[in-house]
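Single-letter residue listing:
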Amino acid sequence: MFKSFVPTERTLMGPGPSDVNPRILTAMARPTIGHLDPEFIRLMDEIKQMLQFAFQTRNELTIPVSAPGSAGMETCFVNLVEPGDKVIVCQNGVFGGRMVENVTRVGGVAVVVQQTWGRAVDPEQLEAALKQNPDAKIVAFVHAETSTGVQSDAAALCKLAQQYGCLTIVDCVTSLGGIEVALDAWGADAAYSGTQKCLSCPPGLSPASMSPRALEKIKARTTPVTSWFMDLNLVMGYWGQGQKRSYHHTAPVNSLYGLHEALLILVEEGLEPSWQRHMKNHLALKAGLEAMGLTFVVPEAERLPQLNLVSIPDGVDEASVRQQLLEQYNLEIGAGLGVLAGKVWRIGLMGYASNPKNVLLCVNALEAVLSQYNAHINRGVATAAVQAVYSGS
Ligand SMILES: *Cc1c(COP(=O)(O)O)cnc(C)c1O
């Protein structure tokens, strides 16, 4: 017969979802109330304010889209791109490819600035594309490419786009909470994130933010937004200002309790301490893995602390290593994606999962499993290298 589903407790160190803070699960178990209840409207207002804090923006339209990160992406493209609009997409991984797909599906014309996977977007190449396409209206790029563990210089890319009169769409799914995101200082126009990466919520919501310039473009559209569900003109009837909210769709009430708690945790910790924690744990992981003889794939200055791309030792079947980690240690790490499939592991240190205990678990479990496969690694030195980072020696 069927019975309740009780999952094994895992340690989630892949590309997402990341470990969820128990405080968030507790918040989500609280009683469901109506999505137009005055108490719920107060919660919505606090979520908007705390999202503005997290994104470092004053954009009034800063709300969680009621679906995962991919829906935040789609919300930006479906609202901002009109048929015939030329959009320059800087692609350096899987998620940039999805942006191209979004542009063409809404009838836009995508100009792709193709970058090497595992490297940051090159501002000079963007500038060349802007010069060649003076009729471009939008520049889109991924701030933190989860498929390759790379961060791009969002401030520089947004500035260039602005110089050439383009709006920007920035994917901040993996960056928000893990590294600096500063929409207003960058001059970004549309950005979206996800709850299941560095915010450490369960998957299913996508915080998004639109600048006044982006809203002007949406208001000036001559064709209706093709998605009814994601049409921000309609969504804002529910998420807008004041007490007069009207039904658009039934908000995922308990998921929003979870997001509220996650943002509260971020406010309590502070943005900079959170970024510093992600960096410290990354450095400890790096010290441990490098002591074992594993190598990091991305050039140091372009690495994401929350998503570590690590090369696989020769002769090792990477999938069976991941399987052993899961079966023996309840530890999940990620496989390579796209052109990097079979060549790298992706080790996430996101949000609540970014802590010394997980770093040690990962380094020691990898050492144990790789030793079992007779991989050529240095044994017995990784723990001390990790500890040296934490003790500052
Ligand atoms: C995870 C991710 C997404 C998609 O988010 P989902 O919640 O899986 O829909 C988009 N962009 C980047 C960079 C991501 O890491």
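Each value, and the rule that gives it
Residues numbered from 1 in each chain as written. Predicted model: local features only at pLDDT ≥ 70, side-chain atom pairs only at ≥ 80, totals over all residues. Heavy atoms only, no water. Salt bridge = Lys/Arg side-chain N within 4 Å of Asp/Glu carboxyl O. Helix = DSSP H or I, 4+ residues; strand = E, 2+ residues; numbered from the N terminus. Buried < 20%, exposed > 50% of the residue type's maximum accessible area, 1.4 Å probe, protein only. Pairing = 2+ DSSP bridges. Domains from an automatic or database assignment. Contact = heavy atoms within 4.5 Å. Buried area = accessible area lost by both parts, 1.4 Å probe. Arc of directions from axis to C-beta. Polar contact = N/O pair within 3.5 Å; in protein donor to acceptor, adjacent residues only side chain to side chain. Lys, Arg positive; Asp, Glu negative; His and termini not counted. Axes fitted to C-alpha atoms, helices over the stretch in contact; angles between N-to-C directions.

Caption draft 1: How the structure looks around the pattern of salt bridges. Counted under the stated rule, the structure contains 14 salt bridges. For the salt bridge of lysine 217 with aspartate 85, the shortest nitrogen-to-oxygen distance reads 2.6 Å. One end of the pair, lysine 217, is in helix α8 (residues 212-219); the other, aspartate 85, is in the loop between α3 (69-80) and β3 (86-91), and 132 residues separate them in sequence. Under the relative-accessibility criterion, lysine 217 is labelled buried at 16%. Since its relative accessible area comes to 4%, aspartate 85 is described here as buried. Across the salt bridge formed by glutamate 300 and lysine 286, the nearest N and O atoms sit 4.0 Å from each other. Linking glutamate 300 in the loop between α11 (271-292) and β11 (307-311) with lysine 286 in helix α11, this pair joins segments that are 14 residues apart in sequence. Each member of the salt-bridge network shares a partner with another, and the members are Arg23, Glu261 and Glu268.

Caption draft 2: Quick peek at the pairing of strand β12 (residues 331-335). As paired strands, strand β1 (residues 11-13) and β12 are joined by three bridges and run parallel to one another. Along β12, the bridge assignment pairs threonine 11 with leucine 331. Sheet analysis places β12 next to strand β13 (residues 344-348), joined by two bridges and oriented antiparallel. Of the residues in β13, the one forming a bridge with alanine 335 is tryptophan 345.

Caption draft 3: Region of interest: the domain arrangement of the chain. Taken domain by domain, the chain comprises domain 1 (21-268) and domain 2 (271-391). Taking the mean C-alpha position of each, domain 1 and domain 2 sit 29 Å from one another. In this complex, domain 1 contributes 29 residues to the contact, which on the side of domain 2 involves 22 residues. Around 2100 Å² of area is buried between domain 1 and domain 2 when both sides are counted, 65% of it from carbon and sulfur atoms. If you sort the residues of domain 1 by the area they bury against domain 2, Trp117, Gly149 and Gln151 come out on top, with a joint share of 20%. In this structure, the connection of domain 1 to domain 2 is made through one salt bridge. Close ionic contact of glutamate 302 with arginine 119 constitutes a salt bridge, the shortest N to O distance being 2.8 Å.

Caption draft 4: Representation of the environment of leucine 183. In this fold, leucine 183 is placed in helix α7 (residues 183-186). Along the chain, leucine 183 and glycine 149 lie 34 residues apart, while their C-alpha atoms are 21 Å from each other. Once residues lying within four places of it in the same chain are set aside, the contact partners of leucine 183 are Phe55, Gln56, Thr57, Asn59, Ala188, Ala191 and Ser209.

Caption draft 5: Representation of helix α9 (residues 232-239) within the structure. Those residues of α9 that sit buried are Leu232, Val235, Tyr238 and Trp239. Along α9, the residues classed as buried sweep out an arc of 110° about the axis, all on the same side. On its buried face, α9 sits against α2 (38-55), β2 (61-65), α3, β10 (206-210), α8 and α10 (253-269). One side-chain oxygen at the N-terminal end of α9 lies 2.9 Å from the backbone nitrogen of asparagine 233; it belongs to aspartate 231.

Caption draft 6: Structural view of the side chain of glutamate 82. Mapped onto the elements, glutamate 82 comes out in the loop between α3 and β3. Nearest to the buried, unbridged glutamate 82 among oppositely charged side chains is lysine 217, at 4.1 Å.

Caption draft 7: Structural detail: the sheet that holds β13. Spatially, β1-β12-β13-β11 is the arrangement adopted by the four strands of the open sheet, whose pairing is mixed. The open sheet has two edge strands with one neighbour each: β1 and β11. Averaged over all adjacent pairs, the angle separating strand axes in this sheet is 30°, with direction ignored.

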